[in-house]
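Results of the structural survey
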Amino acid sequence: MVQQLESKYRNRNGKILEIEVKNNLGKNLKSLNLDPSIWGQDYNSDLLHQSIHVYLANQRQWTKGTQTRAQVSYAGQKLRPQKGSGRARIGSKRSPIMVGGGVAHGPHPKNIRKSLNKKMKSKALKIALSAKLKDSEVFIIEKSPVSDTPSTKNVIDCIKSLELNGTVLFVTKENNNVLKKSCENIQNTEIIEASLLNVYQLLKPKNVIIELDAVEKIQSLWGDPNFDTKKAPAKKPAAKKPAAKNPAAKKAPAKKPAAKKAPAKSARKTVKEDV
């Protein structure tokens with residue numbers, strides 16, 4: 001059973017997925033085991049494309065609308081007689097050719113919302129996380145670079161210590177307003193909560209910095225509930241071989257306790273009578 005669990009938490013190459021946990025100064029603290037069911041998925045460009053297409057389509061509001069000639073509020077009476085004026089005939093002020101009339105072929109609100117089922121959503125997110133990990137673009141930090149008060153300097157120092165170039169995405173366990181305030185004046189830096197992760201926002205930046213608590217949050221949401229990120233699966237101890245028995249050596253028979261000697265009989269003294 002232990003061997004089955006150990007092989008279950010390995011990737012296709014037979015290796016357990018591990019990543020270094022760093023502090024805000026860029027020094028390695030410890031190694032963290034990652035669940036292959038999340039971080040060891042094969043690349044699927046079709047599913048990623050479909051997920052991004054659905055996300056971008058749902059960002060469009062389509063709430064703008066114009067009034068047609070049937071919706072414009074005007075009197076329905078005829079503006080002038082049909083004949084006799086020498087001008088063009090006209091029947092309604094609501095006509096699109098009139099000032100203040102309806103709009104012909106204008107935009108109207110419509111529902112263009114698209115959707116993916118839950119399995120496809122979670123699968124696409126796992127593929128995106130796995131792709132980022134394979135490209136060495138995922139960094140795990142022990143805790144947030146800011147605690148109680150906003151500090152843009154601390155966030156910049158953290159990014160520099162990790163030697164990152166390009167856009168950065170911070171993934172936090174919960175909504176961190178202090179970190180958001182600290183990153184407002186830093187270009188190409190975004191913050192997202194772990195439970196709100198999506199494929200588009202995950203693949204868009206170059207580097208992804210994830211807090212240690214956020215990794216556990218991701219594991220609890222989409223990973224194997226039996227997987228422990230803190231320690232590796234236990235290995236089966238080697239069975240001890242029984243000691244070889246020597247057939248020649250025989251156990252010596254147990255010695256019988258010595259029998260107690262009977263008390264010696266007292267010899268009778270014979271007294272010779274004098275004749």
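Residues numbered from 1 in each chain as written. Predicted model: local features only at pLDDT ≥ 70, side-chain atom pairs only at ≥ 80, totals over all residues. Heavy atoms only, no water.

Within the largest apolar cluster, 30 residues are counted, with the highest numbers of intra-cluster contacts made by Leu-34, Trp-39, Ile-140, Val-171, Leu-202 and Ile-210. Among the elements that make up this core, the one with the highest residue count is helix H4 (residues 118–134) (6 residues). For Trp-39, the contacting residues outside a window of four places in its chain are Leu-17, Leu-34, Leu-129, Ser-130, Leu-133, Val-138 and Ile-210. Residues Val-146, Leu-162, Phe-170 and Val-178 belong to the second largest nonpolar core, which totals 16 residues. (Core = buried A, V, L, I, M, F, W, Y, C linked by side-chain atoms within 4.5 Å. Buried < 20%, exposed > 50% of the residue type's maximum accessible area, 1.4 Å probe, protein only. Helix = DSSP H or I, 4+ residues; strand = E, 2+ residues; numbered from the N terminus. Contact = heavy atoms within 4.5 Å.)

The 6 strands lie next to each other as E2-E1-E3-E6-E4-E5, forming an open sheet whose pairing is mixed. Every other strand in the sheet has two partners, leaving strand E2 (28–33) and strand E5 (189–193) as the edge strands with one partner each. Strand-to-strand twist in this sheet, taken as the mean axis angle between neighbours without regard to direction, amounts to 30 degrees. In this sheet, strand E6 (residues 207–211) lies alongside strand E3 (residues 138–141) in parallel orientation, the contact comprising 4 bridges. Each bridged residue has a counterpart across the sheet, and for Val-138 the counterpart in E6 is Val-208. Strands in contact with helix H8 (residues 212–222) are strand E1 (18–22), E2, E3, strand E4 (168–172) and E6; relative to E6, the strand with the most contacts, it is inclined by about 90 degrees. (Pairing = 2+ DSSP bridges. Axes fitted to C-alpha atoms, helices over the stretch in contact; angles between N-to-C directions.)

Here the focus is unusual backbone geometry. Unlike most non-glycine residues, Glu-163 shows phi in positive territory, near 60 degrees. When you line up the elements, Glu-163 lands in the loop between helix H5 (152–161) and E4. On the accessibility criterion, Glu-163 (70% relative accessible area) is exposed. Although it is not a glycine, Asn-188 sits at a positive phi angle of roughly 60 degrees.

This brings us to the confidence of the model for the protein chain. As a general rule, the predicted coordinates of low-pLDDT regions are not to be interpreted in detail. Confidence along the protein chain averages 84 in pLDDT terms, with 77% of residues attaining 70 or more. With pLDDT under 50 throughout, residues 1–7 is counted as low confidence; its partners more than four residues away or in other chains account for 7 contacts. (pLDDT = per-residue confidence, 0-100.)

Next up on the list: the pairing of E3. Neither face of E3 is open: one carries Val-138 and Ile-140, the other Phe-139 and Ile-141, and all of them are buried. Judged from the 2 bridges that link them, E1 and E3 form a sheet pairing that is parallel. Its bridge partner being in E3, Val-21 is matched across the sheet by Ile-140.

On inspection of all chains with the given rule, the structure shows 1 aromatic pair. When the ring of Tyr-55 is compared with that of Tyr-200, the centres are 5.3 Å apart and the planes differ by 25 degrees; the resulting orientation is stacked. Of this pair, Tyr-55 sits in helix H3 (residues 45–59) while Tyr-200 sits in helix H7 (residues 199–203), and the two are 145 residues apart along the sequence. Relative accessible area serves as the criterion here: at 22%, Tyr-55 is assigned to the partly exposed category. Of the residues examined, Tyr-200 reaches a relative accessible area of 26% and is grouped as partly exposed. (Phe/Tyr/Trp six-rings, centres within 6.5 Å; stacked < 30°, edge-to-face > 60°.)

Okay, the pattern of salt bridges next. Summed over all chains, the structure comprises 4 salt bridges. The partner of Lys-132 in a salt bridge is Glu-137, with the nearest N and O atoms 2.8 Å apart. Here the two residues Lys-132 and Glu-137 agree in accessibility, since each one is buried. As a salt-bridge pair, Lys-153 and Asp-157 come within 3.0 Å of each other at their nearest N and O atoms. Here Asp-157 and Lys-153 lie together in helix H5, a separation of 4 residues that amounts to about one turn. A cluster of three or more residues bridged by salt bridges with shared partners is formed by Lys-132, Glu-137 and Lys-206. (Salt bridge = Lys/Arg side-chain N within 4 Å of Asp/Glu carboxyl O.)

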